[in-house]
Amino acid sequence: MGLDRYPDLEPDAGEVIDTELAATDDVLVKAFALGPGAELSAHDHADATNVFHVLEGTVTVIQGDDEETIEAPGVVLHERGEVHGARNDTDEIAVLTASLCPLPS
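Quick look at the structure, then.

1. Quick word on unusual backbone geometry
Leaving glycine out, the prevailing phi sign among residues is negative, and the prevailing peptide bond configuration is trans.
At step 1: Cis geometry marks the peptide bond from Ala 72 to Pro 73; its omega dihedral reads -5°.
At step 2: Positionally, Pro 73 belongs in the loop between strand 6 (66-71) and strand 7 (74-78).

2. A closer look at the nonpolar core
At step 1: Formed by 14 residues in total, the largest nonpolar core has its most connected members in Phe 32, Leu 34, Phe 52, Val 59, Val 61, Ala 86 and Leu 96.
At step 2: Looking at this core, the elements with two or more residues in it are strand 2 (28-34), strand 4 (49-56), strand 5 (58-63) and strand 9 (94-101).
At step 3: Those residues in contact with Phe 32, other than ones at most four positions away along the chain, are Val 16, Ile 17, Asp 18, Leu 40, Ala 94, Val 95, Leu 96 and Ala 98.
At step 4: Core analysis: the next-biggest nonpolar cluster, separate from the first, contains six residues, Val 29, Ala 31, Ala 33 and Val 95 among them.

3. Section: the environment of Gly 35
At step 1: As for its position among the elements, Gly 35 is in the loop between strand 2 and strand 3 (39-43).
At step 2: For Gly 35, a relative accessible area of 0% corresponds to the buried category.
At step 3: Remark: the alpha-carbon pair of Gly 35 and Gly 2, spanning 33 residues in sequence, is separated by 27 Å.
At step 4: Non-local contacts of Gly 35, meaning those with residues more than four positions away in its chain, are made with Pro 11, Asp 12, Ala 13, Gly 14, Glu 15 and Asn 88.

4. Here we look at the sheet that holds strand 7
At step 1: Here five strands make up an open sheet; going across it, the order is 1-2-9-4-7 and the pairing antiparallel. On the outer flanks of this sheet lie strand 1 (16-23) and strand 7, each paired with one strand and no other. Averaged over all pairs of adjacent strands, the angle between strand axes in this sheet comes to 20°, irrespective of strand direction.

5. A closer look at the sheet that holds strand 6
At step 1: If you trace the four strands from one edge of the open sheet to the other, you get 3-8-5-6, paired in antiparallel fashion. Both outer strands of the open sheet, strand 3 and strand 6, are each paired with one neighbouring strand and no more. Pairwise comparison of adjacent strand axes, ignoring direction, gives a mean angle of 20° for this sheet.
At step 2: In this sheet, strand 8 (residues 84-87) lies alongside strand 3 in antiparallel orientation, the contact comprising three bridges. Bridge pairing in strand 8 links Glu 39 to Arg 87.

Calculation rules
- Residues numbered from 1 in each chain as written.
- Predicted model: local features only at pLDDT ≥ 70, side-chain atom pairs only at ≥ 80, totals over all residues.
- Heavy atoms only, no water.
- Helix = DSSP H or I, 4+ residues; strand = E, 2+ residues; numbered from the N terminus.
- Core = buried A, V, L, I, M, F, W, Y, C linked by side-chain atoms within 4.5 Å.
- Buried < 20%, exposed > 50% of the residue type's maximum accessible area, 1.4 Å probe, protein only.
- Contact = heavy atoms within 4.5 Å.
- Pairing = 2+ DSSP bridges.
- Axes fitted to C-alpha atoms, helices over the stretch in contact; angles between N-to-C directions.

This is how it looks when you write it as C-alpha coordinates:
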(Lines give C-alpha, C1' and ligand atoms only; values in the text may rest on other atoms or scores of the structure.)
Protein backbone atom coordinates (compact mmCIF):
# COMPACT_ATOMS: atom_id res chain seq x y z
CA MET A 1 0.00 0.00 0.00
CA GLY A 2 1.30 3.43 -0.91
CA LEU A 3 0.38 6.86 0.33
CA ASP A 4 -0.28 8.39 -3.10
CA ARG A 5 -4.01 8.78 -3.77
CA TYR A 6 -3.62 10.27 -7.25
CA PRO A 7 -5.61 8.01 -9.64
CA ASP A 8 -5.24 7.27 -13.35
CA LEU A 9 -7.88 9.38 -15.06
CA GLU A 10 -8.56 9.01 -18.80
CA PRO A 11 -11.78 10.79 -19.83
CA ASP A 12 -13.08 10.76 -23.39
CA ALA A 13 -13.75 13.95 -25.32
CA GLY A 14 -16.54 15.93 -23.64
CA GLU A 15 -16.41 13.74 -20.50
CA VAL A 16 -15.67 14.79 -16.92
CA ILE A 17 -14.46 12.10 -14.53
CA ASP A 18 -14.37 12.96 -10.84
CA THR A 19 -13.19 10.98 -7.86
CA GLU A 20 -12.86 11.67 -4.17
CA LEU A 21 -9.23 11.74 -3.04
CA ALA A 22 -9.68 12.66 0.62
CA ALA A 23 -12.67 13.29 2.84
CA THR A 24 -12.53 14.09 6.53
CA ASP A 25 -14.80 15.96 8.89
CA ASP A 26 -13.30 19.31 7.81
CA VAL A 27 -12.05 19.00 4.19
CA LEU A 28 -12.98 17.38 0.89
CA VAL A 29 -10.49 16.97 -1.97
CA LYS A 30 -11.70 15.72 -5.35
CA ALA A 31 -9.90 15.18 -8.64
CA PHE A 32 -11.54 16.20 -11.89
CA ALA A 33 -10.28 15.01 -15.27
CA LEU A 34 -11.71 16.96 -18.19
CA GLY A 35 -11.53 15.43 -21.64
CA PRO A 36 -11.18 17.78 -24.61
CA GLY A 37 -14.22 20.07 -24.75
CA ALA A 38 -15.50 19.02 -21.30
CA GLU A 39 -16.84 21.46 -18.71
CA LEU A 40 -17.30 21.47 -14.96
CA SER A 41 -20.45 23.60 -14.67
CA ALA A 42 -20.25 26.87 -12.77
CA HIS A 43 -21.55 26.58 -9.20
CA ASP A 44 -20.87 27.98 -5.75
CA HIS A 45 -20.35 26.87 -2.17
CA ALA A 46 -22.04 29.42 0.08
CA ASP A 47 -20.26 28.36 3.26
CA ALA A 48 -16.93 26.98 2.02
CA THR A 49 -13.73 28.13 0.35
CA ASN A 50 -12.75 26.18 -2.78
CA VAL A 51 -9.24 25.91 -4.24
CA PHE A 52 -8.41 24.49 -7.67
CA HIS A 53 -4.95 22.99 -8.24
CA VAL A 54 -4.35 22.49 -11.97
CA LEU A 55 -2.12 19.41 -12.15
CA GLU A 56 -2.09 18.51 -15.84
CA GLY A 57 -2.84 20.39 -19.03
CA THR A 58 -4.59 23.73 -19.41
CA VAL A 59 -7.95 24.72 -17.92
CA THR A 60 -10.13 27.75 -18.57
CA VAL A 61 -11.28 28.72 -15.08
CA ILE A 62 -14.58 30.54 -14.70
CA GLN A 63 -14.92 32.82 -11.69
CA GLY A 64 -18.00 35.02 -11.59
CA ASP A 65 -18.03 36.90 -14.90
CA ASP A 66 -14.30 36.34 -15.49
CA GLU A 67 -12.48 33.56 -17.34
CA GLU A 68 -8.74 32.89 -17.31
CA THR A 69 -6.60 30.18 -18.89
CA ILE A 70 -4.50 28.42 -16.25
CA GLU A 71 -1.69 26.04 -17.20
CA ALA A 72 -0.34 23.32 -14.91
CA PRO A 73 0.93 23.85 -12.36
CA GLY A 74 -1.54 26.48 -11.22
CA VAL A 75 -3.62 27.35 -8.17
CA VAL A 76 -6.89 29.32 -8.10
CA LEU A 77 -8.69 30.47 -4.94
CA HIS A 78 -12.50 30.75 -4.94
CA GLU A 79 -13.80 32.63 -1.92
CA ARG A 80 -16.95 31.46 -0.14
CA GLY A 81 -20.04 31.97 -2.27
CA GLU A 82 -18.07 32.80 -5.44
CA VAL A 83 -19.45 31.18 -8.59
CA HIS A 84 -16.74 29.06 -10.25
CA GLY A 85 -16.25 26.33 -12.81
CA ALA A 86 -13.73 24.99 -15.32
CA ARG A 87 -13.59 24.15 -19.00
CA ASN A 88 -11.09 22.31 -21.18
CA ASP A 89 -10.73 24.18 -24.48
CA THR A 90 -7.74 22.07 -25.61
CA ASP A 91 -7.29 18.76 -27.41
CA GLU A 92 -5.53 17.21 -24.40
CA ILE A 93 -6.80 15.90 -21.06
CA ALA A 94 -6.72 18.41 -18.19
CA VAL A 95 -6.67 17.39 -14.53
CA LEU A 96 -7.34 19.53 -11.47
CA THR A 97 -8.12 18.94 -7.85
CA ALA A 98 -10.67 20.92 -5.90
CA SER A 99 -10.31 21.33 -2.14
CA LEU A 100 -13.38 22.38 -0.18
CA CYS A 101 -13.06 23.64 3.39
CA PRO A 102 -14.86 23.69 5.72
CA LEU A 103 -17.34 21.09 4.62
CA PRO A 104 -20.90 22.41 4.31
CA SER A 105 -23.08 21.36 7.22
